[in-house]
Structures are given as C-alpha cells and as structure tokens.
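What follows is the residue order along each chain.
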Amino acid sequence: MNKRRITAEITAIGGYVPEDRLTNEDLEKLVETSDKWITERTGIKERRILRDPLLATSDMAAFAVKKLLEDSRLPAEEVDCLILATSTPDQLLAPAASLVCEKAGLNNAWGFDLNAACSGFLYALSMGASLIESERYKKVIVIGADQMSAIVNYSDRNTCILFGDGAGAVLLEPSTAGIGVIDNLFKTDGKGVACLSVPAGGSLEPASTETLAAGRNYVQQDGRTVFKAAIKGMSDACLEIMERNNLTNQDVDWIIPHQANLRIINAVGNRLNFPLEKVKVNIQRYGNTTAATIPLCLWDFQDDFTAGDNILLTAFGAGFTWGSTYLKWGTLRHHNL
Ligand code: UT7
C-alpha cells in the first residue's frame, strides 16, 4: 500500500498589531493629502504604528508567537523551527529570528530570516511546509512581520499613506489527510528592484549623511508600474495554480490577497471572476504591513473558515516577487481543546 503523502497543516494562528493608530486625518496634518484621496485610491482608513523606541519587528513577531502558543496551549519547547519573513529586521546583522526565539522562549528551535518583501510570508510558508514534508520536523512556526514605519518617509505622500506595522504567525504540523499547503507557485523578476526598494543602507550604498539627506534610506516606489504588475502577477499566478490543481472558481472558497491597495485587490477578484464576498480584505484597518498582510488576514478571519475549505493565498511585492499558494483548511488546535 502507498504511504500517504505528508502535508503541512496550519494548526494554530497568532497575530499582533500595535495599539497606536495613524489615521488618514493624522496624515492630512503631515503631508498634502486628504482622507477622500486615500480612501478612494487605496481603501485604507488607518494603520497601526509601533511607537515604543525600545520595540522593533522581533517584538511584534514574538507577541504573535506568544499569542499562538497561549491560544493553542502548546509548550514553547515543542517548536522545532521558526522562519521569519521580514524586510525590516531589527538590525542588518544578526537575524531577527534569533531574537524572536529568545523573546518567545523557543529554546529548542532553530530559526532564520527570509526576505522576499510582500511575498515573504508565502515564500516562508512553502519553506516551512517543505521542512514538515521532509518528516524531519514536526512543529514549524512561520511568521510574517514588518515595522514599515521604520523605513517610511513621513514627508513623502506617495508612500507614507500606504504602510503600517504588524505581525502574524502560523504553526505548521504534519497531516496525512490531504490538509494544509497543497501547492505553491512562485516567480521572481529582478527588473522590478528599480521600481520598489530602499536604495541605501545595504552593501551597495551604506548609510551615510548623504544618503540620509537624500531620503535614500526610505522606501521609494514607482506606484503606477507596481500597481499594474501586481494585478497581472497575482491574477496570473492564481489562474495557473487553479489550472494545475483542477480547481474552478466555484471550487475555491476564499481568496486571501496581499493587502497593498483595495483597487488592486478588487481588480484581481474581478479578473478571476470571484464574487467579492470570497475575497478577504482588512486593508482599511492596517494598511500595507508587507510580509504580515496575509497572516494577519488568516488571524482576523480564522472563524470564517471551515475544515476542507479551499483557500488561495496570493502576493506581489518588491523584487519583484510574487506567487500563489493553494491551502486546504483543517482544524485549529484550540478548536479541539
Ligand atoms: O506591497 C508592495 C506593492 N505595492 C503596491 O502594490 C502599491 C501599488 N501602487 C499603488 O497602490 C498606487 O499606485 C498608489 C496608491 C501608490 C498611487 O495611486 P495612483 O492612483 O497610482 O496615483 P498616482 O501615483 O498615479 O498619482 C495620481 C495623482 C498625482 O497627481 P497628478 O500628477 O495627477 O497631479 C499624484 O501627485 O495623485 C497625486 N498623489 C496624491 N494626492 C493626494 C499621490 N499621492 C497622493 C496623496 N494624496 N497621498
């Protein structure tokens, strides 16, 4: 008899967003903009900002992990591995994942950072799933966390209205019931770096008084080009993954797109011919939290999902990086408690 395929099931979720809100009205006082423009062009009403100077990305990630462990009553020592998707590690060196393991008490886990910008959580989820499928690890935590407020220029109205801070975490465990991460489809196109990046502060242009004065340590974006590429990238990736898994849009219960702009989300839903009720949206409350948008949606909407639901996750971000993940929902640990 054939051995059943091992898949990686999501069995617990945790999330964290800072208390402090930055509303469109607050932004009207910082740059020449309006609540009307931001709402109509992006769908965003407010974002959460981590204001405590002693806290950073690893703290938000650790808060999300602690919530996950607490809700699922999982002892921290049982976690084998942690993958942190982030573009805003606390420091350039060392990995923020080490700090998360330390802060969340994951004494038996090894961990590493993964940087794939807004697609980071999906790339990390596929890496975590591979570790589970290898049968060498039984409990892997995958996090998407970003403190975008650390790299956003609050005098640039093209970018400062878009981003917020937050973290979301999932626990992956083996399943033999065909539940969990079923398929992934990823793409990378380095030509996209010219359209969306933080140009300075890395090895090419180390931070200096000149780079700081020129604002090159902050996010720069050619919004219109990214906008078009995001719609095409996410919808094409969803269509391709649906086709190769013999899924029609009737078979898909939910789609969870990266939350960068409500107009992008709606355009992807329309191209795929999904009714908008199937498309999960929380951008109005958090803005674009980069690697955290998809796990924060999973966290916010977890009670809407039922065992066996077919869920498509899709993301697009700097790099360019993009892709889609086909997930079959299972049962969260806390539902069995
Ligand atoms: O997560 C990573 C991927 N990132 C994304 O997916 C973001 C993709 N891009 C976008 O979401 C949109 O391109 C933006 C929201 C960034 C911009 O929206 P847009 O509809 O593409 O606006 P635009 O850049 O074409 O600008 C239209 C006008 C311009 O004025 P003129 O040249 O028509 O006079 C801008 O100067 O709106 C002006 N504008 C603003 N006005 C008020 C730009 N930003 C603002 C602002 N408030 N904050």
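Small disclaimer: the values here were computed from a predicted structure and weren't measured. (Residues numbered from 1 in each chain as written. Predicted model: local features only at pLDDT ≥ 70, side-chain atom pairs only at ≥ 80, totals over all residues. Heavy atoms only, no water.)

**Q** Please clarify how the sheet that holds strand β12 (residues 310-317) should be interpreted in this entry.
**A** Whether parallel or antiparallel, the strands of a sheet pair through hydrogen bonds between backbone atoms. Taken together, 4 strands build an open sheet; the order of strands is β8-β13-β12-β11 and the sheet is mixed. Here the strands that pair on one side only, and so sit at the sheet edges, are β8 (180-188) and β11 (254-257). When strand polarity is set aside, the average angle formed by the axes of neighbouring strands in this sheet is 15°. Bridging between β8 and strand β13 (residues 321-328) involves 8 bridges; their strand directions are antiparallel. Opposite L185, over in β13, you have S324 as the bridge partner. Running at roughly 150° to β12, helix α7 (residues 223-244) makes contact with β8, β11, β12 and β13 of the sheet. (Pairing = 2+ DSSP bridges. Helix = DSSP H or I, 4+ residues; strand = E, 2+ residues; numbered from the N terminus. Axes fitted to C-alpha atoms, helices over the stretch in contact; angles between N-to-C directions. Contact = heavy atoms within 4.5 Å.)

**Q** Would you take a moment to explain the environment of N24 for this structure?
**A** Examined against the element boundaries, N24 turns out to sit in helix α1 (residues 24-30). In this structure N24 comes out as buried when scored by relative accessible area, which is 0%. A C-alpha to C-alpha distance of 26 Å links N24 and A213, two positions 189 residues apart in sequence. Beyond its immediate chain neighbours, meaning those up to four positions away, N24 contacts D35, I38, T39, I44, K45, E46 and R47. (Buried < 20%, exposed > 50% of the residue type's maximum accessible area, 1.4 Å probe, protein only.)

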